[in-house]
Amino acid sequence: MGSEVELRRAIRRRLIEESVNPYPHKPKYSPTPVREVVRSPQVGATVAIAGKILGIRRHGGLIFFDIVDDGVRIQCSVSRGEVGEGLFSFFENYVDLGDIVNVYGTLYYTRKGELTVAVKDLQLLAKALRSPPVKWGHRVLDPEVRYRKRYLDLMTNPHARRVLEVRFRTIEEIRKFMWSKGFIEVETPILQPIYGGAAARPFKTYVWALDAEWYLRISLELYLKRLVVAGFNKVFEIGKNFRNEDIDVEHNPEFTMMESYEAYADYNDVMKLTEELISTVAERVLSTTVVEYPLGKELVKISLSPPFRRFTIAEAFREFAGIDIEGITDDKVKELLARYSISLPGGYDRGRAIVKLFDRLIGREHLIQPTFILDFPQSSSPLAKPHRSKTGYAERFELYIAGMELANAYTELNDPELQAEYFREEEARRAMGDLEAHPFDWDFIEALEYGMPPTGGLGLGIDRLVMVFTGSTSIKEVIPFPMIKPREFQNQDSK
RNA sequence: GGGCCCGUAGCUCAGCCAGGUAGAGCGGCGGGCUUUUAACCCGUAGGUCCCGGGUUCAAAUCCCGGCGGGCCCGCCA
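Rules used in this analysis
- Residues numbered from 1 in each chain as written.
- Chains lettered and ligands numbered in written order.
- Predicted model: local features only at pLDDT ≥ 70, side-chain atom pairs only at ≥ 80, totals over all residues.
- Heavy atoms only, no water.
- Helix = DSSP H or I, 4+ residues; strand = E, 2+ residues; numbered from the N terminus.
- Buried < 20%, exposed > 50% of the residue type's maximum accessible area, 1.4 Å probe, protein only.
- pLDDT = per-residue confidence, 0-100.
- Contact = heavy atoms within 4.5 Å.
- Pairing = 2+ DSSP bridges.
- Axes fitted to C-alpha atoms, helices over the stretch in contact; angles between N-to-C directions.
- Polar contact = N/O pair within 3.5 Å; in protein donor to acceptor, adjacent residues only side chain to side chain.
- Near = heavy atom within 4 Å.
- Nonpolar A, V, L, I, M, F, W, Y, C, P; charged D, E, K, R; others polar.
- Domains from an automatic or database assignment.
- Salt bridge = Lys/Arg side-chain N within 4 Å of Asp/Glu carboxyl O.

Before going further, it helps to spend a moment on the environment of R396. Mapping R396 onto the fold places it in strand β16 (residues 396–401). Given a relative accessible area of 7%, R396 falls into the buried group. The spacing of R396 and G456 is 60 residues in sequence and 9.7 Å in space, taken between C-alpha atoms.

Structure representation (C-alpha coordinates):
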(Lines give C-alpha, C1' and ligand atoms only; values in the text may rest on other atoms or scores of the structure.)
Protein backbone atom coordinates (compact mmCIF):
# COMPACT_ATOMS: atom_id res chain seq x y z
CA MET A 1 0.00 0.00 0.00
CA GLY A 2 1.13 3.52 -0.67
CA SER A 3 0.06 4.89 2.65
CA GLU A 4 1.84 7.87 4.11
CA VAL A 5 3.44 5.79 6.84
CA GLU A 6 4.76 3.25 4.34
CA LEU A 7 6.15 5.93 2.07
CA ARG A 8 7.89 7.57 4.99
CA ARG A 9 9.23 4.28 6.27
CA ALA A 10 10.83 3.89 2.85
CA ILE A 11 12.42 7.32 3.19
CA ARG A 12 13.74 6.36 6.62
CA ARG A 13 15.25 3.19 5.21
CA ARG A 14 16.81 5.04 2.29
CA LEU A 15 18.37 7.58 4.65
CA ILE A 16 19.93 4.79 6.68
CA GLU A 17 21.22 3.12 3.51
CA GLU A 18 22.81 6.41 2.50
CA SER A 19 24.40 6.75 5.94
CA VAL A 20 22.22 9.65 7.02
CA ASN A 21 20.96 9.03 10.55
CA PRO A 22 17.23 9.90 10.62
CA TYR A 23 17.40 10.07 14.42
CA PRO A 24 20.73 11.61 15.44
CA HIS A 25 21.56 12.01 19.12
CA LYS A 26 22.16 15.75 19.08
CA PRO A 27 21.76 18.66 16.69
CA LYS A 28 24.84 19.53 14.69
CA TYR A 29 24.26 23.25 15.32
CA SER A 30 23.43 23.96 18.94
CA PRO A 31 19.97 25.52 18.68
CA THR A 32 18.85 28.80 20.18
CA PRO A 33 15.19 28.71 21.27
CA VAL A 34 13.07 30.33 18.55
CA ARG A 35 11.37 32.33 21.30
CA GLU A 36 14.69 34.10 21.85
CA VAL A 37 15.45 34.47 18.16
CA VAL A 38 12.19 36.32 17.49
CA ARG A 39 12.48 38.51 20.58
CA SER A 40 15.21 40.76 19.22
CA PRO A 41 16.01 39.68 15.69
CA GLN A 42 19.02 41.15 13.96
CA VAL A 43 19.03 41.06 10.19
CA GLY A 44 22.06 39.29 8.83
CA ALA A 45 22.79 37.49 12.09
CA THR A 46 23.65 33.82 11.87
CA VAL A 47 21.36 31.60 13.91
CA ALA A 48 20.92 27.94 14.66
CA ILE A 49 17.45 26.75 15.57
CA ALA A 50 15.53 23.52 15.77
CA GLY A 51 11.88 22.58 15.59
CA LYS A 52 9.07 20.71 13.93
CA ILE A 53 8.10 21.49 10.36
CA LEU A 54 4.42 22.41 10.38
CA GLY A 55 4.09 24.11 7.02
CA ILE A 56 5.81 23.91 3.63
CA ARG A 57 5.25 26.19 0.63
CA ARG A 58 7.21 25.18 -2.45
CA HIS A 59 7.96 27.64 -5.24
CA GLY A 60 10.26 25.73 -7.50
CA GLY A 61 13.75 26.86 -6.67
CA LEU A 62 12.64 28.44 -3.40
CA ILE A 63 10.90 26.69 -0.57
CA PHE A 64 9.39 28.36 2.47
CA PHE A 65 8.72 26.28 5.54
CA ASP A 66 7.54 26.98 9.06
CA ILE A 67 9.09 25.42 12.07
CA VAL A 68 7.53 25.48 15.50
CA ASP A 69 9.85 25.24 18.48
CA ASP A 70 8.38 25.01 21.96
CA GLY A 71 5.17 26.63 20.74
CA VAL A 72 6.81 29.45 18.78
CA ARG A 73 6.75 29.61 14.99
CA ILE A 74 9.35 30.99 12.62
CA GLN A 75 9.59 30.88 8.85
CA CYS A 76 12.62 29.49 7.05
CA SER A 77 13.51 29.47 3.38
CA VAL A 78 15.72 27.23 1.29
CA SER A 79 16.90 28.57 -2.04
CA ARG A 80 18.41 26.26 -4.62
CA GLY A 81 20.69 29.08 -5.74
CA GLU A 82 21.99 29.61 -2.22
CA VAL A 83 22.38 26.11 -0.83
CA GLY A 84 23.24 24.25 -4.00
CA GLU A 85 21.66 21.25 -5.63
CA GLY A 86 22.75 18.73 -2.99
CA LEU A 87 21.02 20.17 0.05
CA PHE A 88 18.09 21.46 -1.98
CA SER A 89 17.20 18.09 -3.42
CA PHE A 90 17.79 16.48 -0.04
CA PHE A 91 15.09 18.76 1.33
CA GLU A 92 12.78 18.05 -1.58
CA ASN A 93 13.18 14.28 -1.40
CA TYR A 94 13.71 13.49 2.24
CA VAL A 95 12.13 16.21 4.35
CA ASP A 96 8.41 16.21 5.09
CA LEU A 97 5.78 17.94 7.13
CA GLY A 98 6.17 16.85 10.74
CA ASP A 99 9.91 16.23 10.61
CA ILE A 100 12.06 17.79 13.28
CA VAL A 101 15.03 19.63 11.87
CA ASN A 102 18.06 21.62 12.87
CA VAL A 103 18.44 24.77 10.77
CA TYR A 104 21.53 26.89 10.40
CA GLY A 105 21.19 30.16 8.52
CA THR A 106 20.89 33.93 8.50
CA LEU A 107 17.99 36.18 9.41
CA TYR A 108 16.28 38.43 6.89
CA TYR A 109 12.90 39.94 6.17
CA THR A 110 10.90 38.84 3.13
CA ARG A 111 9.12 41.23 0.79
CA LYS A 112 6.00 40.77 2.89
CA GLY A 113 8.03 41.74 5.91
CA GLU A 114 8.21 38.40 7.65
CA LEU A 115 11.24 37.43 9.69
CA THR A 116 12.78 34.41 7.99
CA VAL A 117 15.82 32.21 8.36
CA ALA A 118 17.65 31.75 5.05
CA VAL A 119 18.87 28.18 5.36
CA LYS A 120 22.55 27.55 4.83
CA ASP A 121 22.58 24.06 6.28
CA LEU A 122 19.91 21.74 7.58
CA GLN A 123 20.03 18.51 9.53
CA LEU A 124 17.21 16.07 10.02
CA LEU A 125 16.77 15.46 13.76
CA ALA A 126 13.79 13.12 13.75
CA LYS A 127 12.00 11.68 10.74
CA ALA A 128 8.23 11.75 11.28
CA LEU A 129 6.35 8.76 9.89
CA ARG A 130 3.06 10.61 10.15
CA SER A 131 2.34 14.19 9.19
CA PRO A 132 0.38 16.36 11.59
CA PRO A 133 -3.38 15.99 11.02
CA VAL A 134 -4.02 19.70 10.48
CA LYS A 135 -2.02 22.78 9.69
CA TRP A 136 -0.65 24.61 12.68
CA GLY A 137 -3.08 27.14 14.03
CA HIS A 138 -5.61 26.66 11.29
CA ARG A 139 -8.08 24.02 12.09
CA VAL A 140 -9.37 22.50 15.24
CA LEU A 141 -9.64 18.75 15.40
CA ASP A 142 -12.78 16.81 16.18
CA PRO A 143 -13.38 16.98 19.97
CA GLU A 144 -12.90 13.26 20.35
CA VAL A 145 -9.53 13.35 18.64
CA ARG A 146 -8.55 16.47 20.58
CA TYR A 147 -8.98 14.70 23.90
CA ARG A 148 -8.03 11.19 22.81
CA LYS A 149 -4.81 12.20 21.08
CA ARG A 150 -4.13 15.31 23.07
CA TYR A 151 -0.55 15.61 21.84
CA LEU A 152 -1.89 16.28 18.34
CA ASP A 153 -4.20 18.98 19.63
CA LEU A 154 -1.41 20.62 21.60
CA MET A 155 1.00 20.26 18.69
CA THR A 156 -1.25 21.96 16.19
CA ASN A 157 -3.56 24.20 18.21
CA PRO A 158 -1.86 27.21 19.80
CA HIS A 159 -4.96 27.97 21.87
CA ALA A 160 -4.95 24.52 23.45
CA ARG A 161 -1.29 24.98 24.26
CA ARG A 162 -1.90 28.44 25.69
CA VAL A 163 -4.57 27.08 28.06
CA LEU A 164 -2.16 24.50 29.44
CA GLU A 165 0.60 27.10 29.69
CA VAL A 166 -1.75 29.11 31.89
CA ARG A 167 -2.40 26.00 33.96
CA PHE A 168 1.26 25.25 34.52
CA ARG A 169 2.05 28.90 35.25
CA THR A 170 -0.89 29.09 37.67
CA ILE A 171 0.42 26.15 39.66
CA GLU A 172 3.86 27.73 39.68
CA GLU A 173 2.50 31.06 40.95
CA ILE A 174 0.32 29.40 43.59
CA ARG A 175 3.45 27.71 44.92
CA LYS A 176 5.36 30.97 44.96
CA PHE A 177 2.48 32.74 46.67
CA MET A 178 2.12 30.08 49.35
CA TRP A 179 5.86 29.97 49.90
CA SER A 180 5.90 33.76 50.25
CA LYS A 181 3.28 33.44 52.99
CA GLY A 182 5.49 31.04 54.91
CA PHE A 183 3.71 27.81 54.01
CA ILE A 184 5.80 24.77 53.28
CA GLU A 185 4.90 22.36 50.54
CA VAL A 186 4.38 18.80 51.71
CA GLU A 187 3.33 15.44 50.34
CA THR A 188 0.79 13.07 51.82
CA PRO A 189 -0.31 9.58 50.78
CA ILE A 190 -2.42 9.01 47.70
CA LEU A 191 -3.03 5.38 48.69
CA GLN A 192 -4.94 5.25 51.93
CA PRO A 193 -6.49 2.54 54.11
CA ILE A 194 -9.41 4.87 54.90
CA TYR A 195 -10.39 7.74 52.65
CA GLY A 196 -11.90 10.96 53.93
CA GLY A 197 -12.07 14.72 53.89
CA ALA A 198 -14.93 15.06 51.43
CA ALA A 199 -18.26 13.55 50.54
CA ALA A 200 -17.55 11.33 47.57
CA ARG A 201 -17.27 7.78 46.34
CA PRO A 202 -13.68 6.55 46.24
CA PHE A 203 -11.65 4.42 43.86
CA LYS A 204 -10.64 1.13 45.41
CA THR A 205 -7.33 -0.56 44.91
CA TYR A 206 -5.57 -3.57 46.31
CA VAL A 207 -2.27 -3.67 48.15
CA TRP A 208 -0.58 -7.02 47.61
CA ALA A 209 2.05 -6.54 50.27
CA LEU A 210 -0.63 -6.05 52.91
CA ASP A 211 -3.32 -8.22 51.35
CA ALA A 212 -5.76 -5.40 51.87
CA GLU A 213 -8.21 -3.22 50.01
CA TRP A 214 -7.09 0.39 50.04
CA TYR A 215 -8.41 3.59 48.47
CA LEU A 216 -7.19 6.44 46.33
CA ARG A 217 -7.59 9.65 48.27
CA ILE A 218 -10.67 11.79 47.73
CA SER A 219 -9.07 14.80 49.41
CA LEU A 220 -5.85 15.86 51.03
CA GLU A 221 -7.44 17.05 54.23
CA LEU A 222 -7.02 14.46 56.95
CA TYR A 223 -3.32 13.82 56.41
CA LEU A 224 -2.53 17.51 56.17
CA LYS A 225 -4.25 18.03 59.52
CA ARG A 226 -2.13 15.22 60.95
CA LEU A 227 0.89 17.27 59.89
CA VAL A 228 -0.55 20.23 61.79
CA VAL A 229 -0.97 17.93 64.79
CA ALA A 230 2.67 16.96 64.26
CA GLY A 231 3.69 20.57 64.65
CA PHE A 232 3.92 21.91 61.11
CA ASN A 233 2.05 25.19 61.44
CA LYS A 234 1.65 26.21 57.80
CA VAL A 235 1.47 23.47 55.21
CA PHE A 236 0.08 23.11 51.72
CA GLU A 237 -0.06 20.43 49.10
CA ILE A 238 -0.91 20.55 45.42
CA GLY A 239 -2.03 17.17 44.24
CA LYS A 240 -4.52 14.91 42.58
CA ASN A 241 -7.76 13.83 44.18
CA PHE A 242 -9.71 10.87 42.86
CA ARG A 243 -13.48 10.67 43.01
CA ASN A 244 -15.39 7.83 41.46
CA GLU A 245 -18.15 9.93 40.00
CA ASP A 246 -19.49 11.21 36.74
CA ILE A 247 -17.43 12.80 34.02
CA ASP A 248 -18.80 16.03 32.62
CA VAL A 249 -17.72 19.56 31.73
CA GLU A 250 -17.01 20.42 35.38
CA HIS A 251 -15.80 17.05 36.65
CA ASN A 252 -12.88 14.81 35.85
CA PRO A 253 -12.45 11.74 38.08
CA GLU A 254 -8.91 12.80 38.88
CA PHE A 255 -8.49 16.49 39.49
CA THR A 256 -6.02 18.78 41.15
CA MET A 257 -6.50 20.58 44.43
CA MET A 258 -4.41 22.88 46.50
CA GLU A 259 -5.11 22.45 50.17
CA SER A 260 -3.54 24.54 52.89
CA TYR A 261 -3.72 24.49 56.67
CA GLU A 262 -2.61 27.27 58.95
CA ALA A 263 -2.40 26.95 62.71
CA TYR A 264 -3.87 29.77 64.79
CA ALA A 265 -5.99 31.01 61.88
CA ASP A 266 -9.76 30.82 61.39
CA TYR A 267 -11.96 30.90 58.33
CA ASN A 268 -11.93 34.70 58.24
CA ASP A 269 -8.17 34.59 57.80
CA VAL A 270 -8.57 31.92 55.16
CA MET A 271 -11.01 34.13 53.23
CA LYS A 272 -8.41 36.88 53.11
CA LEU A 273 -5.75 34.39 52.03
CA THR A 274 -8.03 33.06 49.28
CA GLU A 275 -8.84 36.50 47.89
CA GLU A 276 -5.23 37.52 47.91
CA LEU A 277 -4.08 34.26 46.37
CA ILE A 278 -6.52 34.35 43.47
CA SER A 279 -6.01 38.01 42.64
CA THR A 280 -2.24 37.80 42.97
CA VAL A 281 -1.93 34.67 40.88
CA ALA A 282 -4.25 36.12 38.21
CA GLU A 283 -2.18 39.28 38.06
CA ARG A 284 1.06 37.33 37.75
CA VAL A 285 -0.16 34.78 35.22
CA LEU A 286 -2.56 36.87 33.14
CA SER A 287 -1.29 40.38 33.93
CA THR A 288 -4.86 41.34 34.82
CA THR A 289 -7.50 40.55 37.40
CA VAL A 290 -10.35 40.89 34.93
CA VAL A 291 -11.19 37.78 32.95
CA GLU A 292 -13.90 37.02 30.42
CA TYR A 293 -15.98 33.89 30.76
CA PRO A 294 -18.55 32.59 28.27
CA LEU A 295 -21.94 32.08 29.87
CA GLY A 296 -24.63 31.09 27.44
CA LYS A 297 -23.99 33.27 24.42
CA GLU A 298 -22.42 36.11 26.32
CA LEU A 299 -18.88 36.85 27.36
CA VAL A 300 -19.13 38.02 30.95
CA LYS A 301 -16.41 40.09 32.56
CA ILE A 302 -15.41 38.72 35.93
CA SER A 303 -13.34 40.79 38.31
CA LEU A 304 -10.99 38.82 40.52
CA SER A 305 -9.97 41.84 42.59
CA PRO A 306 -10.67 41.64 46.30
CA PRO A 307 -12.78 42.03 48.27
CA PHE A 308 -15.10 39.28 46.99
CA ARG A 309 -18.81 39.46 47.79
CA ARG A 310 -19.90 37.69 50.95
CA PHE A 311 -23.24 36.17 51.79
CA THR A 312 -24.16 33.75 54.48
CA ILE A 313 -26.06 30.83 53.05
CA ALA A 314 -29.24 32.25 54.62
CA GLU A 315 -28.62 35.67 53.07
CA ALA A 316 -28.01 34.05 49.70
CA PHE A 317 -31.39 32.31 49.91
CA ARG A 318 -33.09 35.58 50.74
CA GLU A 319 -31.23 37.59 48.13
CA PHE A 320 -31.38 35.20 45.19
CA ALA A 321 -34.35 32.96 45.81
CA GLY A 322 -36.55 35.08 48.07
CA ILE A 323 -36.70 32.26 50.60
CA ASP A 324 -36.37 32.67 54.35
CA ILE A 325 -34.55 29.40 54.75
CA GLU A 326 -34.11 29.78 58.50
CA GLY A 327 -37.72 30.74 59.12
CA ILE A 328 -39.55 28.05 57.21
CA THR A 329 -40.67 24.76 58.68
CA ASP A 330 -39.19 21.34 57.94
CA ASP A 331 -42.37 20.49 56.05
CA LYS A 332 -41.78 23.46 53.80
CA VAL A 333 -38.17 22.40 53.27
CA LYS A 334 -39.35 18.91 52.33
CA GLU A 335 -41.85 20.44 49.97
CA LEU A 336 -39.04 22.34 48.24
CA LEU A 337 -36.97 19.16 48.00
CA ALA A 338 -39.89 17.43 46.38
CA ARG A 339 -40.56 20.30 44.01
CA TYR A 340 -37.01 20.16 42.70
CA SER A 341 -36.92 16.36 42.94
CA ILE A 342 -33.90 16.31 45.19
CA SER A 343 -33.25 13.12 47.11
CA LEU A 344 -31.28 12.91 50.32
CA PRO A 345 -29.52 9.58 50.66
CA GLY A 346 -29.29 8.61 54.31
CA GLY A 347 -32.58 10.19 55.30
CA TYR A 348 -33.90 13.73 55.82
CA ASP A 349 -31.68 16.20 57.53
CA ARG A 350 -32.48 19.89 57.48
CA GLY A 351 -28.89 21.06 57.14
CA ARG A 352 -28.00 18.86 54.24
CA ALA A 353 -31.34 19.60 52.62
CA ILE A 354 -30.54 23.31 52.74
CA VAL A 355 -27.17 22.74 51.07
CA LYS A 356 -28.76 20.66 48.31
CA LEU A 357 -31.39 23.33 47.75
CA PHE A 358 -28.66 25.93 47.66
CA ASP A 359 -26.75 24.03 44.97
CA ARG A 360 -29.92 23.61 42.96
CA LEU A 361 -31.44 27.06 43.32
CA ILE A 362 -28.61 29.50 43.63
CA GLY A 363 -25.27 28.13 42.45
CA ARG A 364 -25.22 28.61 38.74
CA GLU A 365 -26.95 31.81 37.73
CA HIS A 366 -26.20 34.12 40.61
CA LEU A 367 -22.68 33.39 41.65
CA ILE A 368 -20.81 34.62 38.61
CA GLN A 369 -18.66 37.29 40.24
CA PRO A 370 -16.43 35.83 42.96
CA THR A 371 -18.65 35.22 45.99
CA PHE A 372 -18.00 33.69 49.37
CA ILE A 373 -20.94 31.77 50.75
CA LEU A 374 -20.45 31.30 54.44
CA ASP A 375 -21.83 29.58 57.48
CA PHE A 376 -23.08 26.23 56.27
CA PRO A 377 -25.31 24.00 58.39
CA GLN A 378 -23.17 21.96 60.75
CA SER A 379 -24.69 18.67 59.67
CA SER A 380 -23.37 19.19 56.15
CA SER A 381 -19.88 19.96 57.41
CA PRO A 382 -18.63 17.17 59.68
CA LEU A 383 -14.99 18.30 59.63
CA ALA A 384 -15.67 21.96 60.36
CA LYS A 385 -15.85 23.63 63.75
CA PRO A 386 -19.25 24.79 64.99
CA HIS A 387 -19.88 28.50 64.51
CA ARG A 388 -18.73 30.61 67.44
CA SER A 389 -22.07 32.44 67.68
CA LYS A 390 -24.70 30.73 65.48
CA THR A 391 -25.87 27.40 66.74
CA GLY A 392 -26.46 24.73 64.14
CA TYR A 393 -23.96 26.32 61.76
CA ALA A 394 -20.34 25.64 61.01
CA GLU A 395 -17.56 28.11 60.30
CA ARG A 396 -17.26 27.16 56.70
CA PHE A 397 -17.23 28.97 53.39
CA GLU A 398 -17.33 28.07 49.77
CA LEU A 399 -16.06 30.32 47.00
CA TYR A 400 -18.03 30.52 43.77
CA ILE A 401 -16.81 32.02 40.52
CA ALA A 402 -18.55 31.74 37.15
CA GLY A 403 -21.21 29.62 38.84
CA MET A 404 -18.67 26.98 39.83
CA GLU A 405 -17.55 26.01 43.29
CA LEU A 406 -13.85 26.78 43.39
CA ALA A 407 -12.98 26.54 47.05
CA ASN A 408 -14.17 25.12 50.32
CA ALA A 409 -12.74 26.12 53.68
CA TYR A 410 -13.32 25.82 57.39
CA THR A 411 -12.24 26.79 60.77
CA GLU A 412 -11.11 23.23 61.37
CA LEU A 413 -12.75 21.07 63.96
CA ASN A 414 -10.10 20.18 66.54
CA ASP A 415 -12.27 18.77 69.35
CA PRO A 416 -11.67 15.02 69.11
CA GLU A 417 -14.84 14.12 71.00
CA LEU A 418 -17.04 16.23 68.75
CA GLN A 419 -15.23 14.93 65.67
CA ALA A 420 -15.89 11.36 66.81
CA GLU A 421 -19.55 12.21 67.29
CA TYR A 422 -19.80 13.64 63.77
CA PHE A 423 -18.07 10.58 62.34
CA ARG A 424 -20.63 8.40 64.10
CA GLU A 425 -23.44 10.40 62.52
CA GLU A 426 -21.80 9.95 59.13
CA GLU A 427 -21.47 6.22 59.76
CA ALA A 428 -25.14 6.05 60.61
CA ARG A 429 -26.02 7.73 57.35
CA ARG A 430 -23.68 5.41 55.46
CA ALA A 431 -25.59 2.50 56.98
CA MET A 432 -28.75 4.07 55.59
CA GLY A 433 -27.36 4.05 52.09
CA ASP A 434 -25.49 7.32 51.69
CA LEU A 435 -22.49 6.17 49.67
CA GLU A 436 -20.86 9.55 50.06
CA ALA A 437 -20.95 9.67 53.85
CA HIS A 438 -17.58 9.83 55.61
CA PRO A 439 -16.17 6.59 56.96
CA PHE A 440 -15.08 6.67 60.59
CA ASP A 441 -11.36 7.39 60.83
CA TRP A 442 -10.13 6.25 64.26
CA ASP A 443 -6.55 7.07 63.51
CA PHE A 444 -7.48 10.65 62.72
CA ILE A 445 -9.47 10.93 65.96
CA GLU A 446 -6.50 9.63 67.89
CA ALA A 447 -4.30 12.24 66.23
CA LEU A 448 -6.73 14.99 67.30
CA GLU A 449 -6.66 13.58 70.82
CA TYR A 450 -2.99 14.55 71.02
CA GLY A 451 -4.06 18.12 70.38
CA MET A 452 -4.38 20.13 67.18
CA PRO A 453 -4.13 23.91 67.42
CA PRO A 454 -7.05 26.00 66.17
CA THR A 455 -6.53 25.89 62.42
CA GLY A 456 -7.89 27.41 59.24
CA GLY A 457 -7.97 25.15 56.20
CA LEU A 458 -8.59 25.69 52.51
CA GLY A 459 -9.23 23.47 49.49
CA LEU A 460 -8.95 25.15 46.11
CA GLY A 461 -9.85 23.47 42.82
CA ILE A 462 -6.97 24.21 40.48
CA ASP A 463 -8.65 22.92 37.32
CA ARG A 464 -11.64 25.17 37.78
CA LEU A 465 -9.48 28.13 38.64
CA VAL A 466 -7.69 27.62 35.34
CA MET A 467 -11.08 27.35 33.60
CA VAL A 468 -11.92 30.78 34.99
CA PHE A 469 -8.50 32.15 34.02
CA THR A 470 -8.77 30.88 30.45
CA GLY A 471 -12.50 31.18 29.78
CA SER A 472 -12.75 27.42 29.30
CA THR A 473 -16.20 25.88 29.67
CA SER A 474 -14.94 22.30 29.84
CA ILE A 475 -12.58 20.92 32.45
CA LYS A 476 -11.11 18.68 29.72
CA GLU A 477 -9.66 21.80 28.17
CA VAL A 478 -7.48 22.57 31.18
CA ILE A 479 -6.25 19.02 31.85
CA PRO A 480 -3.33 17.73 29.78
CA PHE A 481 -4.83 14.25 29.45
CA PRO A 482 -8.47 14.21 30.57
CA MET A 483 -10.11 10.89 31.32
CA ILE A 484 -11.71 9.38 28.25
CA LYS A 485 -12.90 5.87 27.60
CA PRO A 486 -10.15 3.86 25.93
CA ARG A 487 -10.67 2.59 22.42
CA GLU A 488 -9.44 -0.62 20.93
CA PHE A 489 -6.00 0.09 19.54
CA GLN A 490 -6.27 0.45 15.81
CA ASN A 491 -3.13 1.01 13.88
CA GLN A 492 -3.19 -0.75 10.57
CA ASP A 493 0.15 0.64 9.53
CA SER A 494 1.89 -0.81 12.55
CA LYS A 495 3.27 -4.28 12.39
C1' G B 1 -28.67 7.72 35.53
C1' G B 2 -32.21 10.66 31.68
C1' G B 3 -32.58 13.62 27.00
C1' C B 4 -30.68 15.67 22.28
C1' C B 5 -26.95 15.48 18.47
C1' C B 6 -22.82 13.14 15.99
C1' G B 7 -19.62 8.79 13.85
C1' U B 8 -18.42 8.63 5.67
C1' A B 9 -10.80 9.16 2.53
C1' G B 10 -4.95 10.90 6.78
C1' C B 11 -7.95 15.80 8.45
C1' U B 12 -12.67 18.87 8.18
C1' C B 13 -17.14 17.64 6.27
C1' A B 14 -21.35 16.96 2.18
C1' G B 15 -24.46 12.87 0.69
C1' C B 16 -29.08 10.26 4.70
C1' C B 17 -35.17 13.50 5.28
C1' A B 18 -37.46 11.21 -0.16
C1' G B 19 -32.92 3.65 -0.69
C1' G B 20 -30.35 2.83 -6.96
C1' U B 21 -22.29 2.19 -9.07
C1' A B 22 -19.04 6.83 -2.68
C1' G B 23 -18.27 12.97 -3.09
C1' A B 24 -15.67 18.01 -2.03
C1' G B 25 -11.83 20.92 0.19
C1' C B 26 -7.32 20.29 2.66
C1' G B 27 -3.39 16.72 3.04
C1' G B 28 -0.53 12.66 0.10
C1' C B 29 1.86 11.25 -4.58
C1' G B 30 3.67 13.08 -9.80
C1' G B 31 4.60 17.57 -12.67
C1' G B 32 5.20 23.17 -13.02
C1' C B 33 6.66 27.51 -10.45
C1' U B 34 12.85 31.65 -6.78
C1' U B 35 9.57 35.95 -1.81
C1' U B 36 5.15 32.58 -0.36
C1' U B 37 2.46 32.15 4.18
C1' A B 38 -4.57 28.15 4.71
C1' A B 39 0.77 29.95 -1.65
C1' C B 40 -0.91 28.93 -6.61
C1' C B 41 -1.70 25.85 -11.38
C1' C B 42 -2.19 20.81 -13.85
C1' G B 43 -2.64 15.59 -13.05
C1' U B 44 -3.42 11.36 -9.78
C1' A B 45 -4.07 7.67 -5.91
C1' G B 46 -6.77 7.02 -1.62
C1' G B 47 -12.94 4.12 1.58
C1' U B 48 -14.58 -2.06 6.83
C1' C B 49 -19.58 4.81 5.01
C1' C B 50 -18.16 2.95 13.73
C1' C B 51 -19.82 -2.46 14.74
C1' G B 52 -23.74 -6.36 14.57
C1' G B 53 -28.52 -7.77 13.08
C1' G B 54 -33.20 -6.70 10.35
C1' U B 55 -36.42 -4.76 6.18
C1' U B 56 -35.72 -4.65 0.77
C1' C B 57 -34.53 -6.86 -5.83
C1' A B 58 -31.13 -3.13 -3.74
C1' A B 59 -28.94 0.12 2.58
C1' A B 60 -23.88 5.20 3.94
C1' U B 61 -29.28 6.27 3.60
C1' C B 62 -34.95 3.04 6.70
C1' C B 63 -35.62 -0.09 11.55
C1' C B 64 -33.47 -2.58 16.06
C1' G B 65 -29.28 -3.43 19.23
C1' G B 66 -24.32 -2.24 20.60
C1' C B 67 -19.67 0.74 20.82
C1' G B 68 -17.40 5.62 20.92
C1' G B 69 -17.79 11.01 21.32
C1' G B 70 -20.03 15.99 22.20
C1' C B 71 -23.73 19.00 24.53
C1' C B 72 -27.86 19.65 28.09
C1' C B 73 -30.22 17.93 32.71
C1' G B 74 -29.68 15.28 37.66
C1' C B 75 -25.32 14.56 41.47
C1' C B 76 -20.22 15.10 43.63
C1' A B 77 -15.31 20.20 43.51
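So, on to the confidence of the model for chain A. Across chain A, the average pLDDT comes to 91, with 98% of residues at 70 or higher. Counting interchain partners and residues more than four positions distant, the pLDDT-below-50 stretch residues 489–495 has 8 contacts. Across the predicted assembly, pTM comes out at 0.92 and ipTM at 0.86.

So, on to the sheet that holds strand β3 (residues 72–79). Spatially, β1-β2-β3-β5-β4 is the arrangement adopted by the 5 strands of the closed barrel, whose pairing is mixed. Strand-to-strand twist in this sheet, taken as the mean axis angle between neighbours without regard to direction, amounts to 55°. Bridge analysis of β3 against strand β5 (residues 115–126) gives 3 bridges, and the strand direction is parallel. Bridge pairing in β5 places S77 opposite A118. Sheet strands touched by helix α3 (residues 80–94): β1 (46–59), β2 (62–69), β3 and β5. Its angle to β3, the strand with the most contacts, is close to 110°.

With respect to the element layout, T116 can be found in strand β5. A polar side-chain atom of T116 sits 3.0 Å from a polar atom in the side chain of Q75. For T116, the contacting residues outside a window of four places in its chain are Q75, C76, S77, T106, L107, Y108 and T110.

On to helix α7 (residues 221–229). Taken residue by residue, α7 has E221, L222, L224, K225, R226 and V228 as its buried positions. Of the surrounding elements, those touching the buried residues of α7 are β10 (234–242), β11 (254–263), β17 (404–411), α14 (442–449) and β18 (455–461).

Quick look at the protein's contact with RNA strand B now. Inspection of the region around RNA strand B gives 51 residues, with Q75, E114, H251, E405 and R464 positioned closest. Of what RNA strand B places within 4 Å of the protein, 57% of the atoms are sugar or phosphate. K135 is positioned with one of its side-chain polar atoms (N or O) 3.0 Å from a phosphate oxygen of RNA strand B. Sorting the residues of the surface near RNA strand B by element identifies β1, β2, β3, α4 (143–148) and α11 (350–361) as the ones contributing at least two each. Partitioning the surface near RNA strand B into residue classes produces 14 nonpolar, 11 polar and 26 charged.

One can read the domain layout of chain A as domain 1 (4–126) and domain 2 (156–477). Distance from the C-alpha centre of domain 1 to the C-alpha centre of domain 2: 50 Å.

Take the pattern of salt bridges next. Following the criterion strictly, the structure yields 46 salt bridges and no others. Linking R73 and D66 is a salt bridge whose minimum nitrogen-to-oxygen distance equals 2.6 Å. The network of salt bridges with shared partners includes E4, R8, D96, D99 and K127.

Moving on, we come to the pairing of β11. Of all 10 residues that make up β11, 9 are buried, and the element is covered over most of its length. Two elements, β10 and β11, share 9 bridges in a ladder whose sense is antiparallel. Among the inter-strand pairings, V235 is bridged to a residue of β11, identified as Y261. Judged from the 7 bridges that link them, β11 and β18 form a sheet pairing that is antiparallel. Paired with E259 across the bridge in β18 is G459.

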